[in-house]
Amino acid sequence: MRAAVLHAFGEPLAVEDVPDPAPADDGAVVAVRATGVCRSDWHAWQGHDASVVLPHVGGHELAGEVVAVGPQVRSVQVGDRVTVPFCCGCGVCEPCTRGETQVCERDLQPGFTLWGSFAELVALPCADLNLVRLPEGLGFVAAAALGCRFMTAWAALRVHGRVAEGEWVAVHGCGGVGLSAVMIAVAAGARVVAVDIDPAKLDRARELGAAAVADASREDAAAAVESLTGGGAHVAVDALGSPETLAASVLGLRRHGRHLQVGLLLAGDERPPVPMARVISRELTLHGVHGMAVRHYPGLLDAVASGALDPAALVGRTLALDDVGAELAAMGGFATRGLSVVDRL
């Protein structure tokens, strides 16, 4: 099969022929029909994730068709149209037995601990647990757009943040996951303040329903959010992942607000300062968000099927497998807008 192989961190990917994967006894092999290119992939490409061992094939926001299953697989069949969470469960550890597959103790992640979907084929573990069948009306590009960014934003706002109609939600960073959060919050009946330093991204957030925007390059983000919301957001999402956006997210919350940390803080920012005095004085709640459990997919897919959410509207461009390396390089300068999806493998 063809795959975009990483041989040295930060260096161009090599699209080359590698051996086809075989399914594990409880696993499946999926023919990739579409796969997103995400900032998490950029972190892996840069060498920020210690779980990535070279040579490596990245990619974790995938949709495709099952082409082989192991002998222990019972509910998944060849020909099924599927997607998969980027945090797969082993099915036997304590979190998995509680249905919290996204924090599996074995940490099975295509594109990170396992070879991923920047390839024609990808082997996935524990198929009966992890593979999610796609509704017939959902195309592969839209399904790939559900991947890491959209489904993580759904878990952040609907599972951890419990966003309610009429609440104010501040979204710090309007890349793929941030714009996903804007769309999901608006669909829940919340009012959104979008924060970024790129006017074009703020314009896109407005198009998706943000009630207000703040340019963090021109004004203090936390103060702007507090002013625009009349006292602070009820829920705030750090959708970028930096010490600055984390602090702004926390400081822009009203009393009993909920901070959702979605953006990764890596490459020297693993231990950022947190304004704990504000956390204590306003009795704030902080949530880390590491993907979404398999059990929450039905709610997300129902919202898509109903037309309340349209992940395909966030796709900024589609590209070929040979273009993945250039797309990753562009992410280093935050040049990409919306979601980028590979649909030509």
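Scroll up for the structure.
These remarks concern the structure in this document. Note that the structure is predicted; figures quoted are calculated from it, not measured.

### Some words on the packing of aromatic side chains
Working step 1: Enumeration according to the criterion identifies 0 aromatic pairs in this entry.
Working step 2: Between the NZ or CZ atom of Arg 81 and the centre of the ring of Phe 140, over which it lies, the distance is 4.7 Å.

### Focus on the side chain of Thr 101
Working step 1: Take Thr 101: it is sitting in the loop between helix 2 (94-97) and strand 7 (121-124).
Working step 2: Thr 101 sits in the buried class, given a relative accessible area of 2%.

### Things to note about the pattern of salt bridges
Working step 1: All chains considered together, the criterion is met by 12 salt bridges.
Working step 2: Here Arg 258 ties to Glu 167 by a salt bridge, and the two come within 3.1 Å at their closest N and O atoms. Remark: Glu 167 occurs in the loop between helix 4 (140-160) and strand 9 (168-172) and Arg 258 occurs in strand 13 (residues 253-261); sequence separation between them is 91 residues.
Working step 3: Arg 258 gets classed as buried once you look at its relative accessible area, which sits at 9%.
Working step 4: A salt bridge links Arg 344 to Asp 343; the shortest N-O distance between them is 3.0 Å.

### Quick look at the sheet that holds strand 1 (residues 2-6)
Working step 1: Taken in spatial order, the 3 strands make up an open sheet running 2-1-4, and their pairing is antiparallel. What marks the edges here is a single partner per strand, and that holds for strand 2 (14-17) and strand 4 (56-57).
Working step 2: Where strand 1 meets strand 2, 4 bridges bridge the pair, whose relative direction is antiparallel. Residue pairing across strands places Ala 3 opposite Glu 16, the latter belonging to strand 2.

### Side note on the pairing of strand 13
Working step 1: Bridging between strand 12 (residues 233-238) and strand 13 involves 5 bridges; their strand directions are parallel. Bridging from a neighbouring strand, Ala 233 pairs with Leu 253 of strand 13.
Working step 2: As a crossover connection, the stretch from strand 12 through helix 8 (residues 243-251) into strand 13 is right-handed.
Working step 3: When strand 13 meets strand 14 (residues 285-288), the two strands line up parallel, connected through 4 bridges. Considered in strand 14, the bridge of His 259 is made with Leu 286.
Working step 4: Handedness of the strand 13-helix 9 (residues 276-281)-strand 14 crossover: right-handed.

### Let's talk about a nonpolar patch on the surface
Working step 1: A surface patch of nonpolar side chains, amounting to about 340 Å² of accessible area, comprises Val 274, Met 276, Ile 280 and Leu 286.
Working step 2: Within the secondary structure, Met 276 is located in helix 9.

### Re the pairing of strand 1
Working step 1: Of all the 5 residues making up strand 1, 4 are buried; the element is thus mostly covered by neighbouring parts of the structure.
Working step 2: As paired elements, strand 1 and strand 4 share 2 bridges and run antiparallel to each other. Looking at the pairing, Val 5 lines up with Val 57 of strand 4.

### Points about the packing of helix 4 against helix 10 (residues 297-305)
Working step 1: It is at 11 Å that the axes of helix 4 and helix 10 come closest, and there the two elements cross at 100 degrees. Here helix 10 runs roughly perpendicular to helix 4, going by the angle between their axes. In contact with Leu 146, Phe 150, Met 151 and Trp 154 of helix 4, helix 10 contributes Tyr 297, Gly 299, Leu 300, Leu 301, Ala 303 and Val 304.
Working step 2: Among the residues making up the contact of helix 4 with helix 10, the classes are represented as 9 nonpolar, 1 polar and no charged.

### Digging into the environment of Ala 312
Working step 1: When you line up the elements, Ala 312 lands in the loop between helix 10 and strand 15 (315-320).
Working step 2: The class for Ala 312 is partly exposed, based on a relative accessible area of 34%.
Working step 3: C-alpha of Ala 312 to C-alpha of Ala 142: the two residues are 170 residues apart in sequence and 4.6 Å apart in space.

### Quick notes on the sheet that holds strand 11 (residues 212-215)
Strands pair in a sheet through their backbones, by hydrogen bonds, and they do so in one of two ways: parallel or antiparallel.
Working step 1: Read across the open sheet, the 6 strands follow the order 11-10-9-12-13-14; overall the sheet is parallel. The sheet is open, and its two edges are formed by strand 11 and strand 14, each paired on a single side. Here the strands of the sheet are splayed against their neighbours by 20 degrees on average, with no regard to which way each runs.
Working step 2: Sitting on the sheet, helix 5 (residues 176-187) touches strand 9 and strand 10 (191-196), and the angle it makes with strand 9 is about 170 degrees.

Reading the values: the criteria
- Residues numbered from 1 in each chain as written.
- Predicted model: local features only at pLDDT ≥ 70, side-chain atom pairs only at ≥ 80, totals over all residues.
- Heavy atoms only, no water.
- Phe/Tyr/Trp six-rings, centres within 6.5 Å; stacked < 30°, edge-to-face > 60°.
- Lys NZ or Arg CZ within 6 Å of the ring centre and 35° of its normal.
- Helix = DSSP H or I, 4+ residues; strand = E, 2+ residues; numbered from the N terminus.
- Buried < 20%, exposed > 50% of the residue type's maximum accessible area, 1.4 Å probe, protein only.
- Salt bridge = Lys/Arg side-chain N within 4 Å of Asp/Glu carboxyl O.
- Pairing = 2+ DSSP bridges.
- Right-handed = clockwise from strand over helix to strand, strands pointing away.
- Patch = residues over 30% accessible without salt bridge, like charges linked within 9 Å, V, L, I, M, F, W, Y side chains within 5 Å.
- Areas by Shrake-Rupley, 256 points an atom, 1.4 Å probe, with all protein chains shown as cover.
- Axes fitted to C-alpha atoms, helices over the stretch in contact; angles between N-to-C directions.
- Parallel < 35°, antiparallel > 145°, perpendicular 65-115°, else oblique.
- Contact = heavy atoms within 4.5 Å.
- Nonpolar A, V, L, I, M, F, W, Y, C, P; charged D, E, K, R; others polar.

None of this, on its own, says anything about what the molecule does.
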